[in-house]
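In case you want the letters, here they are:
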Amino acid sequence: MKDIFYINSAGVKIDLLTPPYMLQTGELFDYSWTYRSSNTSLNGGIIESFGKEVEQKPLTLSIINYGQESYYEAIDRFYEVTEYDVINKVPGKLCFGEYYLSCYLTASKKTGWESDSSLLDNEVTLSIEYPFWIHERKFRFYAGRAEEYTEIPGLEYPYGYPYEYASQLNLRYLLNDHFSECGFMMLFYGPAVNPAVRVAGHLYEVATTLYDGEYLMIDSRDLTIKKVSNIGEVSNVFSSRNTGSYIWRKIPVGRQPVTWSGSFGVDIILFYERSEPLWSS
């Protein structure tokens, strides 16, 4: 069985398959698409588009009673770790192997909670704004070399990164071996003026200045472009994007060339999205 765990937006992790927590049942791997259709002159109709809406999934989590003090502490910990995300309006991640689902825990119904019970059954509800399981494949590009690397879901992105700088145009490659084109996050690290990169010949550019220790984030999932200062202040630079080249264009399948000036560092994170997580990995 793959690991199943919850990581809140502060990076605190709860393993849902290790006592005192034991995940029992749920609808984690069920999914559905909505669609828009039009009638035809004959029977039936034509499906014009597919989409997804905010979803709710029920889970049953048992908390085992190994003694009153530890029992109550485990109940409190689960509540505090999950409630943190609701209060701060930042989703946590429910992880299954290398895939994660961004979600909030928005309801809880408990049975068998008495101190002399052997376990408590906690029926919880996950509310999911973006109902896709995601695996991140990450590429880091230096001035002189490129490296593919993998990190666990939920790891925070850095505020700065040491790069070797050069003035020549750099050509590297990334590999999208997913079955479809991918959304992405791009991170440009300062110092840089009007940072830009081409992937598969397509230009991604923002007219802004990044000073040493600052970085820029372009996220295709929520259509945001943010600049983060060296003290962590976040500013919206959405209006500074190059509007002559569609900045949200997804990354095509296959081995794709990546070119940029080489005067700054670039991370490109591909989001492999699935309605259910990959079982075979």
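Starting from 1, residues in each chain are numbered consecutively following that chain's sequence as written. Since the coordinates come from a predicted model, pLDDT governs what is reported: local features require at least 70, and pairs of side-chain atoms require 80 or more to be given and counted, while whole-chain, interface and lining totals use all residues. With hydrogens and water set aside, each side-chain value is computed from the structure's full complement of heavy atoms.

Asks: I'd like a description of the environment of Ile14, backed by residues and values.
Replies: Secondary structure elements are defined from DSSP: runs of H or I of at least 4 residues count as helices, runs of E of at least 2 residues count as strands, and each element is numbered from the N terminus. Examined against the element boundaries, Ile14 turns out to sit in strand β2 (residues 13-15). Separated by 64 residues in the primary sequence, Ile14 and Phe78 have C-alpha atoms spaced 7.6 Å apart. With residues near it in sequence (within four places) discarded, Ile14 still touches Phe5, Tyr6, Tyr21, Arg77, Phe78 and Val81. The contact rule is simple, with two residues in contact once any of their heavy atoms fall within 4.5 Å.

Asks: An account of the sheet that holds strand β12 (residues 170-176) is needed here, citing residue identities and associated values.
Replies: The pairing criterion for strands is at least two bridges between them, as found by DSSP. Here we have four strands laid out as an open sheet, ordered β12-β21-β15-β16, and antiparallel in their pairing. Each having just a single partner strand, β12 and β16 (202-205) make up the two edges of the open sheet. Direction aside, neighbouring strands of the sheet carry axes that sit 25° apart on average. Where strand β15 (residues 196-199) meets strand β21 (residues 254-260), two bridges bridge the pair, whose relative direction is antiparallel. Counted as the bridge partner of Val199 is Val258 from β21. Here an axis means a line fitted to C-alpha atoms, over the contact stretch when the element is a helix, while the angle between two N-to-C directions is reported on a 0 to 180 degree scale.

Asks: Describe the pattern of salt bridges, with residues and values.
Replies: Oppositely charged side chains can pair when the atoms bearing their charge come close. Think of a salt bridge as a Lys or Arg side-chain nitrogen and an Asp or Glu carboxyl oxygen that are within 4 Å of each other. Evaluation of the coordinates by the stated rule reveals six salt bridges. Between Asp177 and Arg137 there is a salt bridge, with its nearest N and O atoms 2.9 Å apart. With Asp177 in the loop between β12 and β13 (183-189) and Arg137 in strand β10 (residues 133-141), this residue pair connects regions lying 40 residues apart in the sequence. Each residue is assigned to one of three classes by its accessible area relative to the maximum for its type, calculated with a 1.4 Å probe on protein chains only: buried under 20%, partly exposed between the two thresholds, exposed over 50%. Classification of Arg137 by relative accessible area gives buried; the value is 13%.

Asks: Let's hear about unusual backbone geometry: which residues, and what values?
Replies: Between Pro19 and the following residue, Pro20, the backbone shows a cis peptide bond with an omega angle of 15°. The topology assignment puts Pro20 in the loop between β2 and β3 (21-26). With an omega of 5°, the peptide bond between Gly190 and Pro191 qualifies as cis. Residue position: Pro191 is located in the loop between β13 and β14 (192-193). You will see that Leu223, though not glycine, has its phi angle at about 55°, which is positive. Mapped onto the secondary structure, Leu223 falls in the loop between β18 (215-219) and β19 (224-228).

Asks: Lay out the pairing of strand β4 (residues 34-39) with the relevant residues and their values.
Replies: On any regular strand, side chains alternate: one points to one face of the sheet, the next to the other face. Of all six residues making up β4, only zero are buried, and the element is barely covered by its neighbours. The pairing of β4 with strand β5 (residues 45-51) spans six bridges and is antiparallel. Within the sheet, the bridge partner assigned to Thr34 lies in β5 and is Gly51.

Asks: Please set out the nonpolar core residue by residue, giving values where relevant.
Replies: We call a set of buried residues a nonpolar core when its members are Ala, Val, Leu, Ile, Met, Phe, Trp, Tyr or Cys and they connect through side-chain atoms within 4.5 Å of each other. Among the nonpolar cores identified, the biggest contains 53 residues, and Leu94, Leu174, Met186, Phe188, Ile218, Ile268 and Leu270 are the most heavily contacted of them. Per-element accounting of this core gives the leading share, five residues, to helix α1 (residues 68-88). Grouped together as the second largest cluster of nonpolar side chains are 13 residues, Ile134, Tyr215, Met217 and Val228 included.

Asks: Hey, could you go over the side chain of Ser62 for me, with residue numbers and the actual values?
Replies: Along the polypeptide, Ser62 turns up in strand β6 (residues 55-64). Since its relative accessible area comes to 2%, Ser62 is described here as buried. For Ser62, the residues in contact, after removing those within four places along its chain, are Pro20, Tyr21, Met22, Gln24, Leu119, Leu120 and Asp121.

Asks: Outline the packing of aromatic side chains, listing residues and values.
Replies: Between 30 and 60 degrees the pair is tilted, below 30 it is stacked and above 60 it is edge-to-face, where a pair is any two Phe, Tyr or Trp rings, Trp via its six-membered ring, whose centres lie within 6.5 Å. One pass over the structure, following the stated rule, counts 15 aromatic pairs. Geometrically, the ring pair formed by Tyr21 and Phe78 is tilted, given 6.2 Å between the ring centres and 40° between the ring planes. A residue pair is termed long-range when its members are at least 10 positions apart, and Tyr21 in strand β3 and Phe78 in helix α1 qualify at 57 residues. For the pair shown, Tyr21 and Phe78 are each scored as buried. For the pair Phe141 and Trp260, a centre-to-centre distance of 5.9 Å together with 65° between the ring planes defines the contact as edge-to-face.

Shape descriptors only; they carry no functional weight alone.
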